[in-house]
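Structural overview
Each chain, letter by letter, is given below.
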Amino acid sequence: MRTAARVTAAAVLAATLAAATACAAGPGGGAPAGAVAPASPAPASPALTPSAAGSPAATPASASPARVPATLSFTGKTLDGTAFDAAALAGRPVVLWFWAPWCATCASQAWTVAEIAPAYRDTVPIVGVAGLGEQKAMKSFVTEFDLGGTTQIDDRAGALWRRFKVTEQSTFVVLDRTGRVVHQGFLDGEALTRQVETLARG
């Protein structure tokens, strides 16, 4: 009788231990108590990267970069010595402004450039190309007309002036998003503003 009772007690104890172990492992078994099971893989989808402005908008990471047109295949240095690569502007309309530090017309246009360039920096970049003068005078021009927030290329050697066949200042070379020249020549403040607004909408 005692032997039967011991066998029964052992069986009950074994069953109790088995049940406790199953609860600790959870329905799937194998994981320690309190552990969080790894999430099941999500369905495959194209990789996304945040937009440059940091907004929630996203674009496929595999999207190929914009083709660099011949008009934007050049490099240089800004007046503060920073390396500049025009290829980074590919895919957007661009305004190149050729100016000289002693030019009265350039000075009158500088106020408009300083006013509108920050608002369109990401959609229609305005890039100054300073030439026909000394670097000190060019830097003073930038300071005087509050152009510090706008990229200004140091082209004292005249390489870009020759490349775009600019023979007088002040000249604006306006490129559409494909790099095609849609205007080259003089623009007063109002005409420049209209050009930039039109390009931004397009």
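Residues numbered from 1 in each chain as written. Predicted model: local features only at pLDDT ≥ 70, side-chain atom pairs only at ≥ 80, totals over all residues. Heavy atoms only, no water.

**Here's the deal with the packing of aromatic side chains**
For the record, the criterion: Pairing of aromatic side chains here covers Phe, Tyr and the six-membered ring of Trp, requires ring centres within 6.5 Å, and sorts the geometry by plane angle: under 30 degrees stacked, over 60 edge-to-face, intermediate tilted. Only runs of H or I of at least four residues qualify as helices and only runs of E of at least two qualify as strands under DSSP, and these elements are numbered from the N terminus.
Under the defined criterion, the tally for this structure stands at ten aromatic pairs. Here Phe98 and Phe164 contribute two aromatic rings whose centre-to-centre distance is 5.9 Å and whose plane-to-plane angle is 55°, an arrangement assigned as tilted. Taken together, the residues Phe98 in strand β5 (residues 94–99) and Phe164 in the loop between α4 (159–163) and β8 (171–175) connect sequence positions 66 residues apart. On the basis of an interplanar angle of 50° and a centroid distance of 4.8 Å, the ring pair of Phe141 and Phe145 is categorised as tilted.

**Thoughts on helix α3 (residues 135–144)**
An α-helical segment advances 3.6 residues per turn. Residues three or four places apart therefore align on the same side. Keep this limit in mind: Under the scheme applied here, a residue whose accessible area is under 20% of the maximum for its type counts as buried, over 50% as exposed, and between as partly exposed, the area being computed with a 1.4 Å probe on protein chains only. Directions drawn from the helix axis to the C-beta atoms are what define this arc.
Those residues of α3 lying buried are Met138, Phe141 and Val142. Seen from one end, α3 has its buried residues packed into an arc of 95°, which puts them on one side. Along α3, the residues that are exposed and aim more than 90 degrees away from the buried face are Lys136, Thr143 and Glu144.

**Here's the deal with the pairing of strand β9 (residues 181–185)**
Defined as follows: By the convention used here, strands pair only if DSSP detects at least 2 bridges between them.
Pairing analysis gives four bridges linking β8 to β9, with the strands arranged antiparallel. Looking across to β9, one finds that Val174 is bridged to His183. Linking β8 back to β9 in an antiparallel pair, the connection comprises five residues, with Gly179 at a positive phi of about 95°.

**Side note on the confidence of the model for the protein chain**
Heads up, the rule is: A residue's pLDDT is the confidence the predictor assigns to it, expressed on a 0 to 100 scale. Any two residues whose heavy atoms approach within 4.5 Å at even a single point are treated as in contact.
Confidence in the prediction of the protein chain, expressed as mean pLDDT, is 78, and 68% of residues score 70 or more. Segment residues 1–62 is flagged for pLDDT under 50; beyond a separation of four residues in sequence, or across chains, it makes 18 contacts in the model.

**Describing the pairing of strand β6 (residues 126–130)**
Short version of the rule: The handedness of a crossover follows from its direction of travel: if, with the strands pointing away from the viewer, the path from the first strand over the helix to the second runs clockwise, the crossover is right-handed.
Burial runs high along β6: five of the five residues are buried. When β5 meets β6, the two strands line up parallel, connected through five bridges. Looking at β6, one finds that Trp99 is bridged to Ala130. As paired elements, β6 and strand β7 (residues 152–154) share three bridges and run parallel to each other. Considered in β7, the bridge of Ala130 is made with Asp154. Remark: the β6/α3/β7 crossover connection has right-handed handedness.

**Describing helix α5 (residues 189–201)**
The cut-off we apply is this: Expected span of a helix: the number of residues minus one, times 1.5 Å.
Taking 1.5 Å per residue as the helical rise, α5 with its 13 residues ought to reach 18 Å, and the 19 Å between its terminal C-alpha atoms agrees with that figure. Those residues of α5 that fall on the buried side of the exposure criterion are Ala191, Leu192, Val196 and Leu199. Within α5, the buried residues cover an arc of 130° as seen down the axis, which keeps them to one side. Looking at α5, the residues exposed on the side facing more than 90 degrees away from the buried face are Glu190, Arg194 and Arg201. Buried residues belonging to α5 abut β5, α2 (104–116), β6 and β8.

**Let's talk about the packing of α2 against α5**
The criterion, for reference: With axes taken as lines fitted to C-alpha atoms, and helix axes fitted only over the stretch in contact, angles between N-to-C directions fall between 0 and 180 degrees. Geometric relationships in this document are graded by angle, where less than 35 degrees denotes roughly parallel, more than 145 denotes roughly antiparallel, 65 to 115 denotes roughly perpendicular, and other angles denote oblique. Should the near helix be turned anticlockwise from the far one by less than a right angle, the crossing is termed left-handed; should it be turned clockwise, right-handed. By the convention adopted, Pro, Cys, Tyr, Trp, Phe, Met, Ile, Leu, Val and Ala count as nonpolar, Lys, Arg, Asp and Glu as charged, and the other residues, Gly among them, as polar.
Look at α2 against α5: their axes get within 9 Å of each other, and the N-to-C directions meet at 30°. When the interaxial angle is binned, α2 and α5 end up roughly parallel. The handedness of the crossing between α2 and α5 comes out as right-handed. Residues Thr112, Val113 and Ile116 of α2 lie in contact with α5, whose contacting residues are Gly189, Leu192, Thr193 and Val196. Among the residues making up the contact of α2 with α5, the classes are represented as four nonpolar, three polar and no charged.

**What about the environment of Gly81?**
Its place among the elements puts Gly81 in the loop between β3 (75–77) and β4 (83–85). Placed 72 residues apart in sequence, Gly81 and Ile153 show a C-alpha to C-alpha distance of 9.0 Å.

**With respect to the sheet that holds β9**
Reading across the sheet, the five strands line up as β7-β6-β5-β8-β9 and stay open at both edges, with mixed pairing between neighbours. Two strands in the sheet have a free side with no partner beyond their single neighbour: β7 and β9. Going from strand to strand, the sheet's axes swing by 15° on average, the running direction of each strand aside. Each of β5, β6 and β8 touches α2; the most contacted strand, β5, lies at about 150° to it. Contacts from α3 reach β5, β6 and β7 within the one sheet, and its direction differs from that of β5 by about 125°.

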